[in-house]
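# Coordinate inspection notes
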Amino acid sequence: MNVVIVGAAAAGLATAETLRQDGFGGTVTLIGDEEHLPYDRPPLSKQVLSGTWSHERLRLREQDALAASGIDLRLGTRAVAVDPGRREVRYTDGVVAYDELVVATGVRPRRLPGSDGVPGVHVLRDLADGLALRDVLAGKPRLVVVGAGFLGAEVAAVARQAGADVTLVSDLPAPLSDVLGPEIGEFLLGTHIDQGVRVLRGTRVEQVLTEDGRASGVRLADGRTVAADAVLVAIGSVPATEWLAGSGIPLGDGVVCDEFCRAAPHVWAAGDVASWWHAGLGERLRLEHRTNAAEQGRAVARNILAATPVPFTPVPYIWSDQYDLKIQIHGTPRGCDRMTVVDGSLAERKFVALYGAHGVVRAAVGVNSPRALRAARAHLSTPTPWETVTGQGVPA
């Protein structure tokens, strides 16, 4: 049997290695469009951008380890089409047949209209992006960051600490307020302002301005302009599924899968590109989280090998580093209708908050509180009625 995995980042690598670790003796082919060995992406907006890590430290595995695992690694080549009837993947260097196909192609950055290819306009998705932006920050530029989600807020923090003059522009009321709600959003807003970031909120960028062929600033929807030497666009991502068009594999917000991460007979998906039915939460999820990528890759490998597949029902987890804040999120706070701080306080810059919806606890968020957060996570393993935790400390 030949398992072909398209996408050689965290999800694809986890799938390939788990197949081997669980005793699979067939062929494992791992296809990646970058020339680099599989590497970790979250440090791109943190340690790599700040210069505290070299890019070599990002590698998830060395060449010798992959060769010892018997993984057929094909890098620097891109999948362009799949034929599920013939069970073949066509890529820029040829065609490979599969018995089971795993789609792990991740996402691509969403761009502002008219900004693609403009010198001075950056996105941050891969290693080349991170190294290019790091070089720019070395010159302490005037940087406009468009978007105040995880990526935009993290880059704003690193750039400010590097001495850049940073303006953060977003249509959100506050950084991450769409995920964490108004209270913690305002807390993060205050943190960025205290650090010297200029925050323009509740507005959007309409156009990147240029001078002599380079980005020179942005024009906002309300007509204001902001001068800049560089612009980072961090307005979300789009699942990388173009190569699957016309294949019959179900596509929506990513590759549409069942609770086992199976999209069609002999076709699976893992990582940022996978939209799967979370049977525990009773809703469809697509998570652009590093932890989920590895967990889902392992789950897909085991379901490929299993006589009876097992639903993939993780407690989602994501983290963010901003200045002196270590933000950790378990569960799904987005869309919750209530929040309460159960340990510490926002004023102390050290706290744990629980989020609820439909009468149950749906998420636990900690800032600089790893121990208390571990205790709070217990409320997410099985449905916990909201009233049992409201106004109470987190049980030890």
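In this report, the structure presented in the accompanying data block is examined.

What counts, and where the lines are drawn
Residue indices follow the written sequence of each chain, beginning from 1 at its first position. Totals for whole chains, interfaces and linings use all residues, but because this is a predicted model, local features are given only for residues with pLDDT of at least 70 and pairs of side-chain atoms are given and counted only at 80 or more. Heavy atoms throughout the structure, all of them, feed into the side-chain values; hydrogens and water do not. DSSP bridges decide pairing: two strands pair if at least two such bridges lie between them. In this text, helices come from DSSP runs of H or I with a minimum length of four residues, and strands from runs of E with a minimum of two, each type numbered from the N-terminal end. To define axes, lines are fitted to C-alpha atoms, for helices over the stretch in contact only, and angles between the resulting N-to-C directions are given on a 0 to 180 degree scale. Residue contacts are counted whenever heavy atoms from the two residues lie within 4.5 Å of one another. We define a nonpolar core as any set of buried Ala, Val, Leu, Ile, Met, Phe, Trp, Tyr and Cys residues linked to one another through side-chain atoms lying within 4.5 Å. Buried means the residue's accessible area, taken with a 1.4 Å probe over protein chains only, is under 20% of the maximum for its type, while exposed means over 50%, and partly exposed covers the values in between. Helix span, expected: 1.5 Å multiplied by one less than the number of residues in the helix. The term salt bridge refers to a side-chain nitrogen of Lys or Arg lying within 4 Å of a carboxyl oxygen of Asp or Glu.

On to the sheet that holds strand β20 (residues 262-264), then. On the basis of which strands lie adjacent, the open sheet formed by six strands has the order β3-β2-β1-β7-β21-β20 and mixed pairing. In this open sheet, the two edge strands, each paired with only one partner strand, are β3 (71-74) and β20. Across this sheet, the average inter-strand angle for adjacent strands is 25°, counted without regard to direction. Bridge analysis of strand β2 (residues 27-31) against β3 gives four bridges, and the strand direction is parallel. Residue pairing across strands places Val28 opposite Ile71, the latter belonging to β3. The strands touched by helix α1 (residues 10-21) are β1 (2-6), β2, β3 and β7 (100-103); relative to β2, the strand with the most contacts, the crossing angle is about 170°.

All right, on to the sheet that holds strand β27 (residues 350-357) then. Taken together, five strands build an open sheet; the order of strands is β24-β25-β28-β27-β26 and the sheet is antiparallel. The open sheet has two edge strands with one neighbour each: β24 (317-322) and β26 (338-345). Averaged over neighbouring strand pairs, the angle between their axes works out to 15° when direction is ignored. Those strands touched by helix α5 (residues 150-161) are β24 and β25 (325-331), and its axis lies near 25° from that of β24.

Let us now look at the nonpolar core. Generally speaking, nonpolar side chains in soluble globular proteins are found buried as a group. Counting 53 residues, the largest nonpolar core has Val89, Leu101, Val103 and Val255 as its most contacted members. What Val103 contacts, discounting residues up to four positions off in sequence, is Val6, Trp243, Leu244, Val255, Val267, Trp268, Ala269, Ala270 and Val273. Among the nonpolar cores identified, the runner-up in size contains 25 residues, and Tyr39, Leu143, Ala159 and Tyr323 belong to it.

Our focus in this paragraph is α1. Over its 12 residues, α1 extends 16 Å from the first C-alpha to the last, a length consistent with the 16 Å expected when each residue adds 1.5 Å. Burial analysis of α1 places 10 of its 12 residues in the buried class, the great majority of the element. Where the residues of α1 are buried, they touch β1, β2, α3 (63-68), β3, β7 and α7 (290-305). Within two residues after α1, Gly23 carries a phi angle of roughly 95°, on the positive side.

The next subject is unusual backbone geometry. Leaving glycine out, the prevailing phi sign among residues is negative, and the prevailing peptide bond configuration is trans. Unlike most non-glycine residues, Leu176 shows phi in positive territory, near 60°. Secondary-structure assignment places Leu176 in the loop between β11 (165-170) and α6 (177-194). Take Leu176: its relative accessible area is 1%, and that puts it in the buried class. Unlike most non-glycine residues, Arg349 shows phi in positive territory, near 60°. For Arg349, the position within the fold is in the loop between β26 and β27.

Under the criterion given, the structure shown has 23 salt bridges. We note a salt bridge from Lys326 to Asp321, for which the minimum N-O separation is 3.2 Å. The partly exposed category is assigned to Asp321, whose relative accessible area is 22%. Three or more residues joined by partner-sharing salt bridges are found here, namely Asp253, Arg286 and Glu288.

Don't take any of this as a statement about function, it's just geometry.
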